[in-house]
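Notes for the structure review
Below, each chain spelled out in residue letters.
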Amino acid sequence: MVLRSPLYDTQVKLGATFTEFAGFEMPIQYTSIRDEHMVVRKKVGLFDVTHMSNVWITGPDATKLISLTTVEDAARVEDGKSQYTEILRENGTIIDDTIFMHLGEKYMMIPNAGMNQIITTWLTEQAKKHHLKAKIQDVSRDYVILAIQGPLAKETLQKLTDTDLGNVKFFGCQYVKIAGVDCILSHTGYTGELGYELQITPPSKAAGVFDAIMNAGKDSGIQPIGLGARDTLRLEKAFMLAGNEFEGGRTPLEATLGWTIFWDHEFIGKHALLKQKEQGTFQRMTCLQCTDKGIPRHKCDIQQEGASVGIVTSGTLSPCLNIGIAMGYVAHDKREPGSILDIIVRDKPIKATVIKPPFVPKDWATKQ
Amino acid sequence: MTDEIREGLKYTKTHEWVKLAGTKAKIGITDHAQHELTDIVFVELPTVGKEIKKGEELCVVESVKSVSEVYAPVSGKITAINKKLDDSPETINSSPYDDGWLVEIEIKDKTEVNTLLDPAEYKKA
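Values in this document were obtained by computation on a predicted structure and should not be read as measured data.

**Some remarks on the sheet that holds strand β6 (residues 57-63) of chain B**
Residues and elements named next belong to chain B.
- Reading across from one edge, β4-β6-β7 is the order of the three strands in this open sheet, with antiparallel pairing throughout. With one partner strand each, in any of the chains shown, β4 (40-44) and β7 (67-71) form the two edges of the open sheet. The average undirected angle you get between the axes of adjacent strands in this sheet is 25°.

**Section: the pattern of salt bridges**
- Scanning the entire structure with this criterion turns up 20 salt bridges over all chains.
- Across the salt bridge formed by E25(A) and R4(A), the nearest N and O atoms sit 2.9 Å from each other. Of this pair, E25(A) sits in strand β3 (residues 24-29) while R4(A) sits in strand β1 (residues 3-4), and the two are 21 residues apart along the sequence.
- Looking at R4(A), the relative accessible area reads 47%, which means it is partly exposed.
- Residue K270(A) pairs with E266(A) through a salt bridge whose shortest N-O separation is 3.3 Å.
- Through salt bridges with shared partners, a single ionic network connects R297(A), R346(A), K348(A), E44(B) and E62(B).

**Some words on the environment of H102(A)**
Residue and element names in this part refer to chain A.
- Secondary-structure assignment places H102 in strand β7 (residues 94-103).
- Sequence spacing of H102 and I261 is 159 residues, and the spatial spacing of their C-alpha atoms is 18 Å.
- With residues up to four places along the chain from it excluded, the contact list for H102 reads V77, E78, D79, G80, K81, Y107 and C173.
- At 2.7 Å, the side chain of H102 and the backbone oxygen of V77 are in polar contact.

**Concerning the interface of chain B and chain A**
- If you look at the interface, chain B gives 14 residues, while chain A gives 17 residues.
- In total, about 1400 Å² of surface goes out of reach between chain B and chain A, with carbon and sulfur atoms giving 49% of it.
- Linking chain B with chain A are six salt bridges, by the criterion used here.
- With a closest N to O distance of 3.2 Å, R346(A) and E44(B) form a salt bridge.
- In this structure, the connection of chain B to chain A is made through twelve residue pairs in polar contact (both at pLDDT 80 or more).
- Of all elements in the fold, only β4, β6 and α2 (84-87) of chain B reach the threshold of two or more residues within the side of chain B that touches chain A.

**Description of the packing of aromatic side chains**
- With the rule as written, the count across this model stands at eight aromatic pairs over all chains.
- Judged by centre distance (4.7 Å) and plane angle (40°), the ring pair of Y8(A) and F18(A) falls under tilted. Placement of the pair is Y8(A) in helix α1 (residues 8-13) and F18(A) in strand β2 (residues 17-21), with a sequence separation of ten residues.
- With a relative accessible area of 16%, Y8(A) lands in the buried category.
- When the ring of W17(B) is compared with that of Y97(B), the centres are 6.0 Å apart and the planes differ by 50°; the resulting orientation is tilted. Of this pair, W17(B) sits in strand β2 (residues 16-21) while Y97(B) is found in the loop between α3 (91-94) and β9 (103-107), placing the two residues 80 residues apart along the sequence.
- Taking relative accessible area as the criterion, W17(B) reaches 1% and is therefore assigned buried.
- Between the NZ or CZ atom of R284(A) and the centre of the ring of F282(A), over which it lies, the distance is 3.9 Å.

Basis of the calculations
Residues numbered from 1 in each chain as written. Chains lettered and ligands numbered in written order. Predicted model: local features only at pLDDT ≥ 70, side-chain atom pairs only at ≥ 80, totals over all residues. Heavy atoms only, no water. Pairing = 2+ DSSP bridges. Helix = DSSP H or I, 4+ residues; strand = E, 2+ residues; numbered from the N terminus. Axes fitted to C-alpha atoms, helices over the stretch in contact; angles between N-to-C directions. Salt bridge = Lys/Arg side-chain N within 4 Å of Asp/Glu carboxyl O. Buried < 20%, exposed > 50% of the residue type's maximum accessible area, 1.4 Å probe, protein only. Contact = heavy atoms within 4.5 Å. Polar contact = N/O pair within 3.5 Å; in protein donor to acceptor, adjacent residues only side chain to side chain. Buried area = accessible area lost by both parts, 1.4 Å probe. Phe/Tyr/Trp six-rings, centres within 6.5 Å; stacked < 30°, edge-to-face > 60°. Lys NZ or Arg CZ within 6 Å of the ring centre and 35° of its normal.

None of the figures reported here should be taken as evidence of function without further support.
Put into structure tokens, the structure is as follows:
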């Protein structure tokens, strides 16, 4: 069965073409990926990301359960804060990366598209196993998620709410009214631009909010954005896409997400990570910027002098840089910034340089 | 968006067009194909002199997110490639039937031309 967003009809009217992603029929683009990409870098764009999941975690041991099942110590995350983290297996590999929002007595977790049942089951099993009193509810189909992203996102959204968005810090979250509808707002995103994500329930209220945002952004040149540009936008910032970057079982250390690990607490997968850290010689996520023409893609081999040293997990043409860019896992001793490696595209090597992420720096558009 | 189907050309079901001139065939992708692909950002062309069989991969056209193969509508030897596409692949979007042509083939077997679609047949396909 293919699911559709409650905003499907709105998207058809706006001229979207659709693709199936993680069991959802979602807009891949409206005008073109490149056009939509630039709108988000320079102005403001509106995304429907309802395919992402929503899980409520409540009960007296909710904080303990999140701390046990993620690399974060949830006790450190204040009320009104969103936190990026990963959920691991015992062997240290990533089941999913996620953001959880601390909203008073409750937490809302946002697992990736299609991960709602897996994560709900995992958390429920762990709560039972560790005798934690927590209730885990998959409410993914009860929420529509919108993301408003781009340098003009704040002024656009401010027109629709009495809440002073100037007081909402980066990675802050709270309940707000947007266009008269109660939403959960989080000052987060997946584009590397200024932006917000909105959780809206019931889904029937979402079309009104969507239209109100489109109207409020009219003078700013707002456009609806599809999943195609969502992917190129995140890739230019070297943000992980779970289905690509964690495919086949990768640990946060391999994914260079070590900065997200709060070592000073017990969590599932910790022992495996400590062991891997000590051992040291594992492949690590690496950013490669092509100097030759050609576009690296998922699963292209990465070589040095004809010998395989890694594999591309995500690749695209960067709409901002107009050159091929790739993320992938590379041997620990072959990834010094400035190193030149070959990416094999259709049996031919393309030269690429190891760079420090991101590919496209903050405020890129203002410097053009 | 209406796709142009130009008169005077031959077509394939896989959205290539063929312009015949004596024993030479100029080949490109149709307006419909370029609309479907949207922004074309890279074209990998074959080398001149290469022999190719009908139905084989002739070249690769990439948009930001997709890689599409273009198939040889007829067999023959490649006699010219559109070098301009190396620097301006977007020409295929702006001019699919003229400046955005891909390759020229010296046709080996004239009877293969009969298997190609005329504009009315392509429109129905």
